[in-house]
Amino acid sequence: MNESLSNFLKKYLGIILFSCVFTVVHIVTHDGGFAEGADKLKIISDGFAIPGLLVTSYGLLNWVYDKGALDGILYGLNTVWLALIPGGRSRMESYGDFVEKKNSTRNSNFLPFVIVGAVFIALALLFTLLYNIKAK
């Protein structure tokens, strides 16, 4: 198998596995196996929604970080941290150097999280729709 395809599959399968484990844990801890009718659909919907929202939020946060929107906050935190460490002020760098160093280490790795999260959110919406139809 091609190495890039293998890395691609590992990345997606890891995120899907995390989300599925989270979904199953939520369903089991909320007695989804013993629920009846519409309540079972509600528990399943919640089980898909929670990891979907978490994974999507993480992917969107990665995207915001990748675009450099958090550079000012990170520079401020780094400056405060270095000011608290004895001898740390000598290692402080300018904001331009900080941003240049961050730009050289960034990688766009947010799309798999957004895609998998969106699929789980879509499944949650489907089960919510089924719950609303069955509850009437």
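Everything here concerns the structure above.
Residues numbered from 1 in each chain as written. Predicted model: local features only at pLDDT ≥ 70, side-chain atom pairs only at ≥ 80, totals over all residues. Heavy atoms only, no water.

1. Let's talk about the overall build of the protein chain
Applied cut-off: By the criteria applied, helices consist of DSSP H or I runs no shorter than four residues and strands consist of E runs no shorter than two, each listed in order from the N terminus. In this treatment the radius of gyration is a C-alpha quantity, and the globule benchmark scales as 2.2 Å times the residue count to the 0.38 power. Each residue's exposure class comes from its accessible area (1.4 Å probe, protein chains only) as a fraction of the maximum for that residue type: buried when under 20%, exposed when over 50%, partly exposed otherwise. By definition in these notes, contact holds between two residues if any of their heavy atoms fall within 4.5 Å.
Along the backbone of the protein chain there are 5 helices and 0 strands. Helices (α) and strands (β) of the protein chain occur, in sequence order from the N terminus, as α-α-α-α-α. The C-alpha atoms of the protein chain give a radius of gyration of 21 Å, which is well past the 14 Å a tight globule of 136 residues would have. Taking the principal axes of its C-alpha atoms as reference, the protein chain extends roughly 65 × 40 × 20 Å. Every one of the 136 residues in the protein chain was classed for burial, and the buried ones make up 25%. Across the protein chain, contacts joining residues at least 24 apart in sequence account for 72% of those joining residues at least 6 apart.

2. Quick notes on the packing of aromatic side chains
Counted only if it meets this: Here a pair means two rings of Phe, Tyr or Trp (six-membered ring of Trp) with centres within 6.5 Å. Their orientation is stacked below 30 degrees between planes, edge-to-face above 60, and tilted elsewhere. For a ring to carry a charge above it, either NZ of a lysine or CZ of an arginine must fall within 6 Å of the ring centroid while also lying within 35 degrees of the normal to the ring plane.
Enumeration according to the criterion identifies 6 aromatic pairs in this entry. Through a chain of ring-to-ring contacts, the aromatic side chains of F48, F120 and F127 assemble into a single cluster. Sitting over the ring of Y65, R106 keeps its end group 5.1 Å from the ring centre.

3. Observations concerning the nonpolar core
Applied cut-off: The nonpolar core is taken to be a set of buried Ala, Val, Leu, Ile, Met, Phe, Trp, Tyr and Cys residues, with the residues joined through side-chain atoms within 4.5 Å.
The biggest cluster of nonpolar side chains holds 11 residues, and these are Y12, I15, L41, I44, F48, V55, F113, V116, F120, A124 and F127. Of all the secondary structure elements, the ones that give two or more residues to this core are α1 (3-29), α2 (38-66) and α5 (111-135). Apart from the residues within four sequence positions on either side, V55 is in contact with I15, F18, S19, F113 and G117.

4. Some details on the side chain of T56
Along the chain, the position of T56 falls in helix α2. Classification of T56 by relative accessible area gives buried; the value is 14%.

5. As for the packing of α1 against α2
When two helices pack together, their arrangement is captured by the angle between the axes and the distance separating the axes. Counted only if it meets this: The convention used is that axes are lines fitted to C-alpha atoms, helices contributing only their stretch in contact, and that angles between N-to-C directions extend from 0 to 180 degrees. For any helix crossing, the convention is left-handed if the near helix is rotated counterclockwise from the far helix by under a right angle, and right-handed if that rotation is clockwise. Classification convention: Asp, Glu, Lys, Arg as charged; Ala, Val, Leu, Ile, Met, Phe, Trp, Tyr, Cys, Pro as nonpolar; all other residues, Gly among them, as polar.
Taken N-terminus to C-terminus, the directions of α1 and α2 make an angle of 140°; their axes are 8 Å apart at the nearest point. In the packing of α1 onto α2, the handedness of the crossing is right-handed. Counting all contacts with α1, which are made through I15, F18, S19, F22, T23, H26 and I27, the residues of α2 involved are I43, I44, D46, G47, F48, I50, P51, L54 and V55. The residue inventory of the contact of α1 with α2, partitioned by class, reads 11 nonpolar, 4 polar and 1 charged.

6. A word on the packing of α1 against α5
The geometry of α1 relative to α5 is characterised by a closest axis approach of 10 Å and an angle of 35° between their N-to-C directions. Both α1 and α5 take part in a crossing whose hand is right-handed. Together, K11, Y12, I15, I16, S19, C20 and T23 of α1 and L111, P112, F113, I115, V116 and F120 of α5 make up the contact between the two elements.

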